[in-house]
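# Analysis of the macromolecular model
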Amino acid sequence: MSVIFSIPSPFRSSFELHRLEFGEAHPDFPTVAIIAGLHGNELNGIHAINLLASVLRLQRIKGKVLLYPIINTFGADECRKRWPFENQDINSIFPGNPKGTTAERIAYALYESIAEAQICIDVHSGASHVRELPQARTPMTGIELEYARDMGMPVIWRRSGEHLNVKGLVGVCRARGQASFRITGGRGTTLDSSLSTKMADGLSLLLAKRGIIRQRMPMEIIADVSNREVHSYRSPLGGFFVPEIRVGEIIQPGRLLGFIQNPIGGDRLDEIRSKTKGVVMSLRANPMIHAEELLVRI
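This part is about the pattern of salt bridges. Enumeration over the complete set of coordinates arrives at 18 salt bridges. Close ionic contact of Glu-21 with Arg-19 constitutes a salt bridge, the shortest N to O distance being 2.8 Å. Since its relative accessible area comes to 38%, Glu-21 is described here as partly exposed. The buried category is assigned to Arg-19, whose relative accessible area is 10%. Through salt bridges with shared partners, a single network forms among Arg-19, Glu-21, Lys-64 and Glu-116.

Dropping the structure here:
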């Protein structure tokens with residue numbers, strides 16, 4: 001483990017940005033950088049990378065793997081998405097600034113540290129109010145889509161250009177010529193161990209497909225879809241949402257997805273039913289809802 005950046009802190013110890021390195025750069029095998037914890041309230045990616053590290057310690061590595069289990073350490077201390085001192089989202093200020101705010105300096109240090117990688121993967125959890133089935137979010141075509149399919153995670157979501165934020169880590173890496181995409185799973189502010197394990201297994205599979213580690217057991221892709229094939233169900237009114245399904249469940253048209261009730265007294269106000277067959281890839285976790293908020297993605 002190495003410290004690639006440090007800066008004094010107003011409390012406890014200095015802030016340090018850590019990197020775990022496995023193997024050595026090789027002309028015949030790619031260098032892969034895997035990053036988690038840009039958002040302090042997204043814990044599943046942190047666990048997934050540490051699970052992957054435990055696998056790599058037992059492997060003979062061909063090529064090089066760089067792991068960054070947690071970037072926003074102080075945000076994680078408080079389970080906050082943003083860097084707490086300047087209230088900045090580190091993932092929205094890449095490529096950063098070596099003379100800017102603390103968050104901008106962290107972003108710059110990370111951006112420079114992963115410059116040697118040919119493949120960069122940004123690992124996230126869902127928002128604190130939504131639980132996500134482990135999924136890879138990629139461009140519509142290209143090498144990133146091939147890499148995502150190698151992972152065999154339950155869902156591959158092919159997204160158009162507007163979803164690839166040029167200020168986000170994925171956007172700046174792609175602009176620099178590095179293959180880059182995001183994976184996400186579970187819910188923010190909580191640890192979903194089984195979903196973290198699926199993400200770690202997917203990352204292991206990608207490394208195996210690239211010849212970096214020994215072959216791993218494949219996983220099954222349930223859905224490989226574009227934006228037009230993803231159906232989002234939003235609440236028609238405010239209330240208390242009670243789901244009748246779970247993340248990863250295969251459902252049929254007409255299936256009751258959940259119902260909205262009055263939080264005071266429990267009177268049922270509305271029902272949400274599926275209009276299509278598919279897999280539940282996102283599910284509202286916080287039951288208190290307002291009109292137009294996301295409930296389910298299928």
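Examined against the element boundaries, Gln-59 turns out to sit in the loop between helix H1 (44-56) and strand E4 (64-68). By relative accessible area, which is 13% here, Gln-59 ends up buried. Only 3.1 Å separates the side chain of Gln-59 from the backbone nitrogen of Arg-214, close enough to count as a polar contact.

In terms of nonpolar packing, the biggest core is built from 32 residues, with Ile-34, Leu-56, Leu-67, Ile-121 and Ile-183 touching the most fellow members. Secondary-structure elements contributing two or more residues to this core are strand E2 (15-23), strand E3 (31-36), H1, E4, strand E5 (119-124), helix H4 (143-151), strand E8 (179-186) and helix H6 (193-209). In terms of residue count, the dominant contributor to this core is H6 (6 residues). Ignoring any residue separated from it by four or fewer positions in sequence, one finds Ile-121 in contact with Ala-33, Ile-34, Ile-35, Phe-181, Ile-183, Leu-203 and Leu-206.

A word on the pairing of E8. Buried residues dominate E8, accounting for 7 of its 8 residues. One ladder, built from 6 bridges, connects E5 with E8; its direction is parallel. Residue pairing across strands places Ile-121 opposite Phe-181, the latter belonging to E8. Here 4 bridges tie strand E6 (residues 130-139) to E8, and the two strands are oriented antiparallel to one another. Each bridged residue has a counterpart across the sheet, and for Ala-136 the counterpart in E8 is Ile-183.

With 12 residues, helix H3 (residues 102-113) extends 16 Å between its outermost C-alpha atoms, agreeing within 8% with the 16 Å of an ideal straight helix rising 1.5 Å per residue. Every buried residue of H3 is listed here: Thr-102, Ala-103, Ile-106, Ala-107, Ala-109, Leu-110, Tyr-111 and Ser-113. On the buried face of H3, the contacting elements are strand E1 (2-7), E2, E3, E4 and helix H5 (169-175).

Moving on, we come to the packing of H1 against H6. Orientation of H1 relative to H6, taken along the N-to-C sense of each, is 50 degrees, at an axis distance of 8 Å. The angle between H1 and H6 falls in the class oblique. Of the two elements, H1 crosses H6, and the hand of that crossing is right-handed. On H6, the residues touching Asn-44, Gly-45, His-47, Ala-48, Leu-51, Leu-52, Val-55 and Leu-56 of H1 are Ser-193, Ser-196, Thr-197, Met-199, Ala-200, Leu-203, Ser-204 and Leu-207. In terms of residue class, the contact of H1 with H6 is built from 9 nonpolar, 7 polar and no charged.

Let's shift gears to the sheet that holds strand E17 (residues 288-289). Taken in spatial order, the 4 strands of this open sheet run E14-E13-E11-E17, and their pairing is antiparallel. Edge positions in the open sheet fall to strand E14 (268-273) and E17, since each of these has one partner strand only. Bridging between strand E11 (residues 239-243) and strand E13 (residues 256-261) involves 4 bridges; their strand directions are antiparallel. Of the residues in E13, the one forming a bridge with Val-242 is Phe-259.

Moving on, we get to the packing of aromatic side chains. Taken as a whole and judged by the stated rule, the model has 6 aromatic pairs. In this structure an aromatic cluster arises from ring pairing among Phe-5, Phe-15, Phe-74, Trp-83 and Phe-85. For the cation-ring pair, Arg-176 lies above Tyr-111, with the distance from its terminal atom to the ring centre recorded as 3.7 Å. Against the face of Phe-259 rests Arg-268, its NZ or CZ located 3.7 Å from the ring centre.

Residues of H4 that are buried include every one of Glu-144, Leu-145, Tyr-147, Ala-148, Asp-150 and Met-151, and no others. The inward-facing, buried residues of H4 contact E5, E6, strand E7 (155-159), H5, E8 and H6. Positive phi shows up at Gly-152, right after H4, with a value of about 65 degrees.

What follows is about the packing of H4 against H6. Axis separation between H4 and H6 bottoms out at 7 Å; the angle between their running directions is 115 degrees. For the crossing formed where H4 meets H6, the hand is right-handed. Where H4 abuts H6, its residues Tyr-147, Asp-150 and Met-151 lie against Gly-202, Leu-203, Leu-205, Leu-206 and Lys-209. Of the residues in the contact of H4 with H6, the class split is 5 nonpolar, 1 polar and 2 charged.

What counts, and where the lines are drawn
Residues numbered from 1 in each chain as written. Predicted model: local features only at pLDDT ≥ 70, side-chain atom pairs only at ≥ 80, totals over all residues. Heavy atoms only, no water. Salt bridge = Lys/Arg side-chain N within 4 Å of Asp/Glu carboxyl O. Buried < 20%, exposed > 50% of the residue type's maximum accessible area, 1.4 Å probe, protein only. Helix = DSSP H or I, 4+ residues; strand = E, 2+ residues; numbered from the N terminus. Polar contact = N/O pair within 3.5 Å; in protein donor to acceptor, adjacent residues only side chain to side chain. Core = buried A, V, L, I, M, F, W, Y, C linked by side-chain atoms within 4.5 Å. Contact = heavy atoms within 4.5 Å. Pairing = 2+ DSSP bridges. Expected span 1.5 Å × (residues − 1). Axes fitted to C-alpha atoms, helices over the stretch in contact; angles between N-to-C directions. Parallel < 35°, antiparallel > 145°, perpendicular 65-115°, else oblique. Left-handed = near helix turned anticlockwise from the far one by under 90°. Nonpolar A, V, L, I, M, F, W, Y, C, P; charged D, E, K, R; others polar. Phe/Tyr/Trp six-rings, centres within 6.5 Å; stacked < 30°, edge-to-face > 60°. Lys NZ or Arg CZ within 6 Å of the ring centre and 35° of its normal.

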